[in-house]
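# Descriptive structure summary
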Amino acid sequence: MTTPLWRNPELYGLLGFILVAAPSLFFFFAGMPGTQVTETEHAGGNRTVVTETVWIGAFNPFFLVFVIGASAALWGCYRSTLLAWAGSLIVLAFSILTMFSIGLLTLPGAILLLTGAAFKTVNKNI
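Definitions and limits used
Residues numbered from 1 in each chain as written. Predicted model: local features only at pLDDT ≥ 70, side-chain atom pairs only at ≥ 80, totals over all residues. Heavy atoms only, no water. Patch = residues over 30% accessible without salt bridge, like charges linked within 9 Å, V, L, I, M, F, W, Y side chains within 5 Å. Areas by Shrake-Rupley, 256 points an atom, 1.4 Å probe, with all protein chains shown as cover. Salt bridge = Lys/Arg side-chain N within 4 Å of Asp/Glu carboxyl O. Helix = DSSP H or I, 4+ residues; strand = E, 2+ residues; numbered from the N terminus. Buried < 20%, exposed > 50% of the residue type's maximum accessible area, 1.4 Å probe, protein only. Core = buried A, V, L, I, M, F, W, Y, C linked by side-chain atoms within 4.5 Å. Axes fitted to C-alpha atoms, helices over the stretch in contact; angles between N-to-C directions. Parallel < 35°, antiparallel > 145°, perpendicular 65-115°, else oblique. Left-handed = near helix turned anticlockwise from the far one by under 90°. Contact = heavy atoms within 4.5 Å. Nonpolar A, V, L, I, M, F, W, Y, C, P; charged D, E, K, R; others polar. Polar contact = N/O pair within 3.5 Å; in protein donor to acceptor, adjacent residues only side chain to side chain. Phe/Tyr/Trp six-rings, centres within 6.5 Å; stacked < 30°, edge-to-face > 60°.

### With respect to a nonpolar patch on the surface
On the surface, Leu 14, Ile 18 and Tyr 78 cluster together into a nonpolar patch covering about 270 Å² of accessible area. As for its placement among the helices and strands, Ile 18 is situated in helix α1 (residues 9-30). For Ile 18, a relative accessible area of 45% corresponds to the partly exposed category.

Quick look at the structure:
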């Protein structure tokens, strides 16, 4: 029995995984952008304040939680309904908790993973 493309949980799992893992791995390797303010004093007593963008927190293992949760949800969309729900709810919870840093980037992927878990639940024969 074939499933229409718009009801295919594997499609939603794969798209959700890509949308969650891409920004998470980018920020894992590159770090989060931040600002650094430095003040230097010159010989004549003049002070200069320099504000620059720096990348801080490279190799932060917290970003791997998103990748692990998304990969569990992706595997669940292919094999196990319980794993699909667990992984997608973990990614959704962490996306909401980190809404003001990386959560806005991973939230659409979390919603797609939830959709894949819902279609996996409805389509028990897949």
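That was the structure; now back to the text.
### Remarks on the nonpolar core
In this structure, Val 20, Phe 63, Phe 66, Ala 70, Val 91, Ile 102 and Leu 113 are the most contacted members of the largest nonpolar core, which totals 13 residues. Elements supplying a minimum of two residues to this core: α1, α2 (63-78), α3 (81-97) and α4 (99-122).

### Observations concerning the environment of Ala 21
Position of Ala 21 relative to the elements: it lies in helix α1. Residues Ala 21 and Leu 89 lie 68 residues apart in sequence; the distance between their C-alpha atoms is 15 Å.

### A closer look at the packing of α3 against α4
It is at 7 Å that the axes of α3 and α4 come closest, and there the two elements cross at 160 degrees. Viewed along their axes, α3 and α4 adopt a mutual orientation that is roughly antiparallel. As for the relative orientation of α3 and α4, their crossing is left-handed in sense. Taking contact as the criterion, the partners of Thr 81, Ala 84, Trp 85, Ser 88, Leu 89, Val 91, Leu 92, Ser 95, Ile 96 and Leu 97 in α3 are, on α4, Met 99, Gly 103, Thr 106, Leu 107, Ala 110, Leu 113, Leu 114, Ala 117, Ala 118, Lys 120 and Thr 121. Looking at the contact of α3 with α4 residue by residue, the classes come out as 14 nonpolar, six polar and one charged.

### What to know about the environment of Trp 6
On the secondary structure map, Trp 6 appears in the segment before α1. With 106 residues separating them along the chain, Trp 6 and Leu 112 place their C-alpha atoms 12 Å apart. In this structure Trp 6 touches Tyr 12 and Phe 119, once residues within four positions along its chain are discounted.

### Observations concerning the side chain of Ser 95
Within the secondary structure layout, Ser 95 lies in helix α3. With a relative accessible area of 0%, Ser 95 lands in the buried category. Polar side-chain contacts of Ser 95 include one of 2.8 Å to the side chain of Thr 106. Beyond its immediate stretch of four places on either side in the chain, Ser 95 contacts Phe 66, Gly 103, Thr 106, Leu 107 and Ala 110.

### A word on the packing of aromatic side chains
Taken as a whole and assessed by the stated rule, the structure comprises 11 aromatic pairs. With a centroid separation of 6.4 Å and an interplanar angle of 85 degrees, the aromatic rings of Trp 6 and Phe 119 are classed as edge-to-face. On the criterion of sequence distance, the pair formed by Trp 6 in the segment before α1 and Phe 119 in helix α4 is long-range, its members being 113 residues apart. Each residue in the set Phe 26, Phe 27, Phe 62, Phe 63, Phe 66 and Phe 94 is aromatic and connected to the rest through ring pairs, giving one cluster.

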